[in-house]
Amino acid sequence: LAKTTQPISMDSYEGQEVNITCSHNNIATNDYITWYQQFPSQGPRFIIQGYKTKVTNEVASLFIPADRKSSTLSLPRVSLSDTAVYYCLVGDLWAGGPHTGKLIFGQGTTLQVKP
Amino acid sequence: NAGVTQTPKFRVLKTGQSMTLLCAQDMNHEYMYWYRQDPGMGLRLIHYSVGEGTTAKGEVPDGYNVSRLKKQNFLLGLESAAPSQTSVYFCASSYVSGGPYEQYFGPGTRLTVT
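On a predicted model such as this, the values are computed, not experimentally measured, just so you know.

A description of the interface of chain B and chain A should follow, citing residues and the corresponding values.
Facing 21 residues of chain B, the contacting portion of chain A comprises 23 residues. When chain B packs against chain A, the two sides together hide about 1900 Å² of surface, and 60% of this comes from carbon and sulfur. Among the residues of chain B in contact with chain A, Leu-43, Tyr-101 and Phe-105 of chain B are the three that bury the most area, contributing 28% of the side total. On the surface where chain B and chain A come into contact, there are zero salt bridges. Counting the contacts that link chain B with chain A gives four residue pairs in polar contact (both at pLDDT 80 or more). Of all the elements in the fold, those that place two or more residues in the side of chain B that touches chain A are β4 (31-37), β5 (43-49) and β10 (103-105) of chain B. For the side of chain B that touches chain A, the leading source of residues is β4 of chain B, giving four residues. Tallied by class, residues from the side of chain B that touches chain A come to 14 nonpolar, five polar and two charged.

Encoded structure:
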């Protein structure tokens, strides 16, 4: 069964860049990699998604090496409000095409941003 | 737009009781999902639906049933609740086409089974 592995926790300071890596050795050809942010007592919120190479949006970058067995979420210049749990998700349940119904969340990385 | 809403927000059940959790979305999304989240763990997919009238099993479907009679609603049922089903339940929905394939999550339902 496919599994994703993330560090349990990370600490950072305001203004620093934070990189969180997720390992997904058994990723399949049709799998996409997605990252979510979750605050206490709320549902997860989408950050970024990618398939290969690098993706960047207004809040983060996602780096995926050629073998796709890992991915790294990069948060530039974090602030106190970025303190949250970050989840890596690997799955193929997208786009209406053939799929296996797989959506595997990692256990999450608790990021603590300090002043 | 209300986005994804879940009813109820909290519920306490006794072992053996039944209940239905309601999820509603007003974004005309094709796909809908039910997850459970336990302490220290990520979300696990219970059931999902790729369209009105269709449902499929996810990673942890045992003890749950679902129905999607209307495109905007996805119901999760517990026929005979067990303490192991104490959890926080999240519903989500997403578009099929266009990418990225972002799931929009509801606020969650905290269920305790005693």
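Could you give me a rundown of the pattern of salt bridges, with the residues and numbers involved?
Residues and elements named next belong to chain B. Evaluation of the coordinates by the stated rule reveals three salt bridges over all chains. Between Arg-36 and Asp-38 there is a salt bridge, and its shortest N-O distance comes to 3.0 Å. One exposure class covers both Arg-36 and Asp-38, and it is buried. Salt bridges linked by common partners bring Arg-36, Asp-38 and Arg-44 together as one network.

Calculation rules
- Residues numbered from 1 in each chain as written.
- Chains lettered and ligands numbered in written order.
- Predicted model: local features only at pLDDT ≥ 70, side-chain atom pairs only at ≥ 80, totals over all residues.
- Heavy atoms only, no water.
- Contact = heavy atoms within 4.5 Å.
- Buried area = accessible area lost by both parts, 1.4 Å probe.
- Salt bridge = Lys/Arg side-chain N within 4 Å of Asp/Glu carboxyl O.
- Polar contact = N/O pair within 3.5 Å; in protein donor to acceptor, adjacent residues only side chain to side chain.
- Helix = DSSP H or I, 4+ residues; strand = E, 2+ residues; numbered from the N terminus.
- Nonpolar A, V, L, I, M, F, W, Y, C, P; charged D, E, K, R; others polar.
- Buried < 20%, exposed > 50% of the residue type's maximum accessible area, 1.4 Å probe, protein only.

The quantities given are spatial measurements derived from coordinates; they are silent on function.
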